[in-house]
Amino acid sequence: MTDLEQVRRLVTEIPGPRSRELAARRSAAMPAKMGSTMPVFAARAGGGVMVDVDGNSFIDFGAGIAVVNVGSSAPGVVEAIQRQVEDFTHTCAMVTPYESYVAVCEALNRLTPGDHEKRSMLVNSGAEAVENAVKIARHYTGRDAVVTFEHGFHGRTLLTMTLTAKSMPYKHGFGPFAPEVYRMPFAYPYRCPTGASYDECGPSCAEAAISAMTRELGPDQIAAVIVEPVQGEGGVIVPGAGFLPAIVEFCNANGIVFIADEVQSGFGRTGTMFACEAESIVPDLITTAKGIAGGLPLGGVTGRAEIMDSIHGGGLGGTFGGNPIACVAALAAIDQLENGGLLERSQAIGATLMSRLRELAQHHDVIGDVRGRGAMVAIELVRGGGDKTPAPELAGKLLAACHQDGLVLLKAGTYDNVIRIMPPLVINDALLDEGLSVIEKAFASL
Ligand code: PMP
């Protein structure tokens, strides 16, 4: 909880003895290569810090991969969970419903973009949300084809891994993949696949994608187009301006269900409740998870009432989906996001990150690109001196140096060369500054 001292303080070597002991148990008990980003084991986390089992206090620039936007063990979330645990832990929402599930759906319907009538359903994870969104879109349209994008990430289940772009490690050797999934170019301004400039990338890639969908698939064969409004795992890629609105327009004109996967970009991460708001796009369906419930596993699909209501009885559901503990946690987390000034805080964090990192890029030409929106920011590392060849080894070294120096920091990117910064939105300014200094120091030392 928030009584955790908000400091960076290392008291042992990293990893310390207790973490090393647990790592040995871990490798004996778990699949050999199921690694972790950090070399240490967590004992407590809250605010802007994570304390390991040896008592080392790290600044958290990862938020559990954009999950604890309101902080880990946020006080309101903890209280809500404690109360719920005393009442009941599970009935199954399909057997005996409960109010908190309905209240989370009402909140999602209210907060997601668009003022049309909406319905929501709850699931356990981001992947399950995406699975359900595609199921719903196919049933509603009676069509098969699903369009996804280069650099996209949508999960690790059969369908969502198929939708995901990157082979190693997500898909390698895990085929055969699900049928009727087609991949289109994404407006990645730093590496525009059509060769357009940073500013022209959006319209140029939209034209390329729409032209390919029209020629190669046939618009009337496409059930859904799914896209992350800001790509996360692919490298925090903010699509070139104009790309998403053009794709939405194409979908609307052709009866294609436009699905925004806001699993990572949602719940204040990009400075608004949902990333779609930046270009005022209104998805037909929207998938959520990660930041929804302050660290409890929960996901959702929210969409137009006529689409969601078209599914037959018994067609949607699951044993654990919308677990009551996760639902009350979500209500508390959403309340803090809406009423605790966290959207403004996300914008302020983003402004600090962008200005300090742009300054850093002035001194290190291996920083090819600084990009992001709100508190979802990244630097892309390249060989430098005008050479945009990805530099994954450098990214690995920088990451390790930061971990050794007390910073939780994540990597991303199709080319493994992106350093991604996504702190809890409750991190204080002192920790934010100090975490940036750790990164600056790591650059200086390499
Ligand atoms: N969609 C996006 C955009 C994601 O970032 C992720 C997780 N990184 C997923 C889906 C899958 O979510 P989960 O891991 O909860 O299944």
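The preceding data block contains the structure.
Attention in this report is confined to the structure presented alongside it. The structure presented is a predicted model; accordingly, all values stated were derived computationally and were not measured. (Residues numbered from 1 in each chain as written. Predicted model: local features only at pLDDT ≥ 70, side-chain atom pairs only at ≥ 80, totals over all residues. Heavy atoms only, no water.)

1. Regarding the packing of aromatic side chains
Quick reminder of the rule: Pairing of aromatic rings covers Phe, Tyr and Trp, the last through its six-membered ring, and needs centres within 6.5 Å; plane angles under 30 degrees mean stacked, over 60 mean edge-to-face, and all others mean tilted. Think of it in three bands: residues with accessible area under 20% of the maximum for their type are buried, residues over 50% are exposed, and the middle band is partly exposed, with areas taken using a 1.4 Å probe on protein chains only.
Evaluated as defined, the whole model comprises seven aromatic pairs. Geometrically, the ring pair formed by Tyr 98 and Tyr 101 is edge-to-face, given 6.3 Å between the ring centres and 75° between the ring planes. Taking the relative accessible area as the measure of exposure, Tyr 101 reaches 17% and is therefore buried. A ring pair is formed by Phe 149 and Phe 243, whose centres lie 5.6 Å apart and whose planes are at 75°; its orientation type is edge-to-face.

2. Things to note about the sheet that holds strand 2 (residues 49-52)
What counts, and what does not: Two strands are said to pair when DSSP picks up at least two bridges between them. Each helix is a run of DSSP H or I of at least 4 residues and each strand a run of E of at least 2, with the numbering of both proceeding from the N terminus.
An order of 1-2-3-14 is seen for the four strands of this open sheet, with the pairing classed as mixed. Of all the strands in the sheet, the pair left with one neighbour each is strand 1 (42-46) and strand 14 (407-408). As paired strands, strand 1 and strand 2 are joined by four bridges and run antiparallel to one another. Residue pairing in the sheet places Ala 45 in a bridge with Met 50 of strand 2.

3. Examining the environment of Met 94
Heads up, the condition is: Pairs of residues are marked as contacts when any of their non-hydrogen atoms sit within 4.5 Å.
Residue position: Met 94 is located in the loop between helix 3 (75-87) and helix 4 (99-111). Considering only alpha carbons, one finds Met 94 and Pro 203, 109 residues apart in sequence, at a separation of 45 Å. Apart from the residues lying within four places of it in its own chain, the contact partners of Met 94 are Leu 316, Gly 317, Gly 318 and Thr 319.

4. Description of the pairing of strand 7 (residues 222-227)
This is how the line gets drawn: Look down the strands so they point away from you; if the path from the first strand over the helix to the second goes clockwise, the crossover is right-handed.
In terms of burial, strand 7 is a largely internal element, six of the six residues being buried. Here strand 5 (residues 145-149) pairs with strand 7 via three bridges, running parallel. Bridge assignment links Val 147 to a residue of strand 7, and that residue is Val 225. Pairing analysis gives four bridges linking strand 7 to strand 8 (residues 257-261), with the strands arranged parallel. Paired with Ala 224 across the strands is Val 257, a residue of strand 8. Since strand 7 and strand 8 lie parallel, the crossover through helix 8 (residues 243-253) that links them has a hand, and here it is right-handed.

5. Comments concerning the packing of helix 7 (residues 201-217) against helix 8
This is how it is decided: Interaxial angles span 0 to 180 degrees and are taken between N-to-C directions of axes, which are lines fitted to C-alpha atoms, for helices over the stretch in contact. To sort the angles, those under 35 degrees are grouped as roughly parallel, those over 145 as roughly antiparallel, those from 65 to 115 as roughly perpendicular, and the leftovers as oblique. For any helix crossing, the convention is left-handed if the near helix is rotated counterclockwise from the far helix by under a right angle, and right-handed if that rotation is clockwise. Residues are sorted three ways: Asp, Glu, Lys and Arg are charged, Ala, Val, Leu, Ile, Met, Phe, Trp, Tyr, Cys and Pro are nonpolar, and all the rest, Gly among them, are polar.
In the contact formed by helix 7 and helix 8, the axes pass within 8 Å of each other and the chain directions differ by 25°. When the interaxial angle is binned, helix 7 and helix 8 end up roughly parallel. The crossing of helix 7 and helix 8 is right-handed. Taking contact as the criterion, the partners of Gly 202, Cys 205, Ala 206, Ala 209, Ile 210, Met 213 and Thr 214 in helix 7 are, on helix 8, Phe 243, Ala 246, Ile 247 and Phe 250. Considered class by class, the residues forming the contact of helix 7 with helix 8 number nine nonpolar, two polar and no charged.

6. Some words on the sheet that holds strand 9 (residues 285-288)
The strand order across the open sheet built from seven strands is 4-10-9-8-7-5-6, with neighbouring strands paired in mixed fashion. Each of the sheet's edge strands pairs with one partner strand only, and the pair in question is strand 4 (118-123) and strand 6 (181-184). Ignoring strand direction, the axes of neighbouring strands in this sheet form an average angle of 20°. Here strand 9 runs beside strand 10 (residues 299-304); their pairing, made up of four bridges, is antiparallel. Across the sheet, Thr 287 pairs through a bridge with Val 301, a residue of strand 10.

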